[in-house]
Amino acid sequence: MTLEELVQKYPKVKPYLKNMPEEIKKRYTIRTYPAGTIIHQKHYPLDYFGIVCDGEHRVINEFQNGNVFMIEKNEPIDFIGEVTILAGKQETSVTIETLTECTVFMITRRDFENWIQKDIGFLRLVAEKVAYKLYRSSYNRGARLFYPPNFLLLDYILRCASEEKIKKNGYIIVKKTREELYEELGMTVKTINRTIKKLKEAELISIYKGKIKMDYEQYEKAKKEIGYYVKNER
């Protein structure tokens, strides 16, 4: 795929490449990663920068005891390696894994460093993305520290229902396993199971073939329940 074909297929990337130096246009690569691929591993040297033009990926933190915590899930347009490079570090602090097939525009670390020195518009776009991630991370971390498990899981299910555009007389199924919920929410599987039981007893959710199910009536009721927590925070 050429640069022109990339922009034509994924027009959202055009503003980012608008003023790319001519010499870098001769040295880029475009790669497609299948779902479930590790693009880069925590603590490994980083010698490239990438722009995710298509597909979803997740940023995870792996610990020596084997635990995995998902920091965030990102959709295009997104960057790979920008935090490590801007921080002046040689090794990555997180692992990036594709959730769907991803198309990534890639250049060397040195070319990226030269690019942001010459193109203030591109630097601003990168800085805005980094700031947004930090804002979202701070917001979510505060919620995890302050709110009880019932709120965190219920809020997660509500967001799933909203993303799937739940309709009257309809329902959604949260297809995530308990292990995946543990990675995303930072709660142990034992806590998740206990919380699911409480939400089920409160008739805010039900279980279908081992998965969390929420119908529209439960969705409306759950929104009021979430409102209760938010109101009492003040």
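Look above for the structure.
Residues numbered from 1 in each chain as written. Predicted model: local features only at pLDDT ≥ 70, side-chain atom pairs only at ≥ 80, totals over all residues. Heavy atoms only, no water.

S.K.: Would you mind showing me how to read the sheet that holds strand β10 (residues 206-208) here?
M.R.: Across a sheet, strands are paired by hydrogen bonds formed along the backbone, either parallel or antiparallel in direction. The strand order β9-β11-β10 describes an open sheet built from three strands, whose pairing is antiparallel. Every other strand in the sheet has two partners, leaving β9 (171-174) and β10 as the edge strands with one partner each. Going from strand to strand, the sheet's axes swing by 40 degrees on average, the running direction of each strand aside. Pairing of β9 with strand β11 (residues 211-215), which is carried by four bridges, proceeds in the antiparallel orientation. (Pairing = 2+ DSSP bridges. Helix = DSSP H or I, 4+ residues; strand = E, 2+ residues; numbered from the N terminus. Axes fitted to C-alpha atoms, helices over the stretch in contact; angles between N-to-C directions.)

S.K.: Which parts of the structure should I look at to understand the packing of helix α7 (residues 178-185) against helix α8 (residues 189-201)?
M.R.: Relative orientation and spacing of two packed helices are given, respectively, by the angle between their axes and the distance between those axes. Interhelical geometry of α7 versus α8 gives an angle of 105 degrees and a closest axis separation of 9 Å. As far as their axial angle goes, α8 and α7 are roughly perpendicular. Of the residues in α8, those in contact with Arg 178, Glu 179, Leu 181 and Tyr 182 of α7 are Val 189, Ile 192, Asn 193 and Ile 196. Counted by class, the contact of α7 with α8 contains five nonpolar, one polar and two charged residues. (Parallel < 35°, antiparallel > 145°, perpendicular 65-115°, else oblique. Contact = heavy atoms within 4.5 Å. Nonpolar A, V, L, I, M, F, W, Y, C, P; charged D, E, K, R; others polar.)

S.K.: Just to check I follow, could you spell out the packing of aromatic side chains for this structure?
M.R.: Scanning the model with the defined rule gives nine aromatic pairs in all. When the ring of Phe 49 is compared with that of Phe 112, the centres are 4.0 Å apart and the planes differ by 15 degrees; the resulting orientation is stacked. Here Phe 49 is found in strand β3 (residues 48-54), whereas its partner Phe 112 is found in helix α4 (residues 109-118), with 63 residues between them in sequence. Given the relative accessible area of 0%, Phe 49 is considered buried. (Phe/Tyr/Trp six-rings, centres within 6.5 Å; stacked < 30°, edge-to-face > 60°. Buried < 20%, exposed > 50% of the residue type's maximum accessible area, 1.4 Å probe, protein only.)

S.K.: Help me understand unusual backbone geometry in this model?
M.R.: Negative phi characterises most residues that are not glycine, and trans characterises most peptide bonds. Ile 77 follows Pro 76 through a cis peptide bond whose omega is 0 degrees. Here Ile 77 is to be found in the loop between β5 (68-74) and β6 (78-80). Positive phi, close to 55 degrees, is recorded for Lys 165, a residue that is not glycine. Its relative accessible area of 63% is what places Lys 165 among the exposed residues. With a phi angle near 60 degrees, Glu 203 is a residue other than glycine that sits in the positive phi range. Among the secondary structure elements, Glu 203 is positioned in the loop between α8 and β10. Glu 203 gets classed as exposed once you look at its relative accessible area, which sits at 55%.

S.K.: Please explain the pattern of salt bridges as it appears in this structure.
M.R.: Between side chains of opposite charge, a pair can form as their charged atoms come close. Counting across every chain of the model gives 10 salt bridges. Here Arg 27 ties to Asp 111 by a salt bridge, and the two come within 2.9 Å at their closest N and O atoms. Here Arg 27 is found in the loop between α2 (14-17) and β1 (29-33), whereas its partner Asp 111 is found in helix α4, with 84 residues between them in sequence. Between Lys 133 and Asp 78 there is a salt bridge whose closest N-O contact spans 3.2 Å. (Salt bridge = Lys/Arg side-chain N within 4 Å of Asp/Glu carboxyl O.)

S.K.: Is there a simple way to explain the nonpolar core in this structure?
M.R.: Considering soluble globular proteins, one finds that nonpolar side chains tend to be buried as a cluster. Among the nonpolar cores identified, the biggest contains 34 residues, and Leu 17, Phe 49, Ile 51, Phe 105, Phe 112, Trp 115 and Phe 122 are the most heavily contacted of them. If you list the elements that add at least two residues to this core, you get α1 (3-9), α2, β3, β6, β8 (102-108), α4 and α5 (120-146). The contacts of Phe 49, once residues within four sequence positions are left out, are Phe 79, Ile 80, Glu 82, Ile 85, Phe 105, Met 106, Ile 107, Thr 108, Arg 109, Phe 112 and Phe 122. The next biggest cluster of nonpolar side chains, apart from the first, holds 27 residues, and it includes Ile 157, Leu 158, Ile 192 and Met 214. (Core = buried A, V, L, I, M, F, W, Y, C linked by side-chain atoms within 4.5 Å.)

S.K.: Please explain the pairing of β11 as it appears in this structure.
M.R.: Judged by which residues are buried, β11 turns out to be one-sided: Ile 212 and Met 214 face inward and are buried, whereas Lys 211, Lys 213 and Asp 215, on the alternate face, are not. Alignment of β10 against β11, held across three bridges, turns out to be antiparallel. Across the sheet, the residue bridging to Ile 207 is Ile 212, located in β11. Linking β10 back to β11 in an antiparallel pair, the connection comprises two residues, with Lys 209 at a positive phi of about 55 degrees.

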